[in-house]
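# Topology and contacts: notes
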Amino acid sequence: MATTLTCTLSGPARVRAGEPVELVFELSNPTAQSLRVLGWHTPLEGVRNNIFDVSRDGDSLEYRGPMAKRGPPTADSYVALSPGTSVEGKVDIARFYDLQAPGTYRIAFRGPLMDVAREGEPVPAPNGGFRPAEVPCPVVEVTVTP
């Protein structure tokens, strides 16, 4: 599904080793129609799967967090975005990736959004179907110092 949802990912430019690295993921609906977004696999629900690509000085880092297994989503699994509104999720990425070593870390949201429903479309989608949507989200660079 092509949408015009926009995404921003932001975080601190510099932290000391061992400090939290709080990222803010914001999803915005600049369209004239209401949308509902399945929050799974996004920072809107926290971190329950490997939803980021993280590297230090070009080397990929291993995800060290939970891997949630779930049944089908319910209507409560969706976040409503009225026209012109935004929602955000905050996560401390240092809880899920080893960010202890000094260096420059690149953090990217993996995407896509699993399911995006336009106004009037049922949530969840019938028969377990999903309407995935790519949403470009800028990469964050964080420098960790000793």
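Scope of this entry: the structure provided in the associated data block. (Residues numbered from 1 in each chain as written. Predicted model: local features only at pLDDT ≥ 70, side-chain atom pairs only at ≥ 80, totals over all residues. Heavy atoms only, no water.)

### Details of the sheet that holds strand S2 (residues 14-16)
The strands that make up a sheet are held in pairs by hydrogen bonds between backbone atoms, and each pair lies either parallel or antiparallel. What counts is decided by this rule: A pair of strands is treated as paired once DSSP finds two or more bridges between them. For helices the rule is a DSSP run of H or I covering at least 4 residues; for strands it is a run of E covering at least 2, with both sets numbered from the N terminus onward.
Read across the sheet, five strands follow the order S2-S11-S9-S5-S6 without closing on themselves; strand pairing throughout is mixed. Lying at the two open borders of the sheet, with one neighbouring strand each, are S2 and strand S6 (59-60). For S2 and strand S11 (residues 140-145), the ladder comprises three bridges, and the chain directions are parallel. Residue Arg16 lies in a different strand from S11, and its bridge partner there is Thr145.

### Remarks on the state of the cysteines
Structurally, a disulfide amounts to a covalent bond that connects the sulfur atoms of two cysteines. To be explicit about the condition: In plain terms, two cysteine sulfur atoms within 2.5 Å form what is called a disulfide here. Whether a residue is buried, partly exposed or exposed follows from its accessible area with a 1.4 Å probe, protein chains only, as a fraction of its type maximum: under 20%, in between, or over 50%, in that order.
Tallied over the entire structure, the rule returns one disulfide. The side chain of Cys7 participates in a disulfide bridge whose partner is Cys137; the two sulfur atoms lie 2.0 Å from each other. As the torsion about the S-S bond is roughly -45 degrees, the Cys7-Cys137 disulfide counts as left-handed. Taken together, the positions of Cys7 in strand S1 (residues 6-10) and Cys137 in the loop between strand S10 (116-118) and S11 put the pair 130 residues apart, joining distant regions of the chain. The same class applies to Cys7 as to Cys137, namely buried.

### Considerations on the packing of aromatic side chains
Keep this limit in mind: Note on ring pairs: Phe, Tyr and Trp rings are taken, using the six-membered ring of Trp, and paired if centres are within 6.5 Å. Classes follow the plane angle, with under 30 degrees stacked, over 60 edge-to-face and the rest tilted.
Evaluated as defined, the whole model comprises three aromatic pairs. The interplanar angle of 20 degrees and the centroid separation of 6.5 Å between the aromatic rings of Tyr63 and Phe96 together place this pair among those described as stacked. Of this pair, Tyr63 sits in the loop between S6 and strand S7 (78-81) while Phe96 sits in the loop between strand S8 (86-92) and strand S9 (103-109), placing them 33 residues apart in sequence. You can call Tyr63 buried: its relative accessible area is 12%. Overall, Phe96 belongs to the buried group, its relative accessible area being 9%.

Purely geometric numbers; function is a separate question.
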